[in-house]
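# Structural description and commentary
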Amino acid sequence: QAILAAQRRGEDVETSKKWAAGQNKQHFITKNTAKLDRETEELHHDRVPLEVGKVIQQGRQSKGMTQKDLATKINEKPQVIADYESGRAIPNNQVMGKIERAIGLKLRGKDIGKPLETGPKGK
């Protein structure tokens, strides 16, 4: 009210807007996230093992599919398949599951490269 009254009288009023004031800005990067992004020796993201990449490649080729065909079949980008095959990708269980079902080979657990057992799904 005092500011409005001063403005009505024609006095000089200085106001400043605080950055993100009154907004829900709770998104910030923690120190650990920044460290992981720099990927030092002791802290780094796990990558897909090369043996899994080779299994994906062999399974895809045995089905006569290109990387693009496999990517289209599992609704992912071709670059995702390329990253998994080369061992650059950070493993994602959903993507791994889709690739397993598409090529019919296990990619996780002890039996990597073994045929996928398709049993009845329980509800």
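Provided above is the structure to which this section pertains.
Residues numbered from 1 in each chain as written. Predicted model: local features only at pLDDT ≥ 70, side-chain atom pairs only at ≥ 80, totals over all residues. Heavy atoms only, no water.

### Focus: helix H3 (residues 50-62)
The first and last C-alpha atoms of H3 sit 18 Å apart over 13 residues, in line with the 18 Å expected at 1.5 Å per residue. Listing the buried residues of H3 in full gives Val52, Gly53, Val55, Ile56, Gly59 and Arg60. Seen along its axis, H3 keeps its buried residues to an arc of 160°; they face one direction. The exposed set on the far side of H3, more than 90 degrees from its buried face, consists of Leu50, Gln58 and Ser62. The secondary structure elements touched by the buried residues of H3 are helix H4 (67-73), helix H5 (78-86) and helix H6 (93-103). Directly after H3, the chain includes Gly64, whose backbone phi takes a positive value near 75°. (Helix = DSSP H or I, 4+ residues; strand = E, 2+ residues; numbered from the N terminus. Expected span 1.5 Å × (residues − 1). Buried < 20%, exposed > 50% of the residue type's maximum accessible area, 1.4 Å probe, protein only. Arc of directions from axis to C-beta. Contact = heavy atoms within 4.5 Å.)

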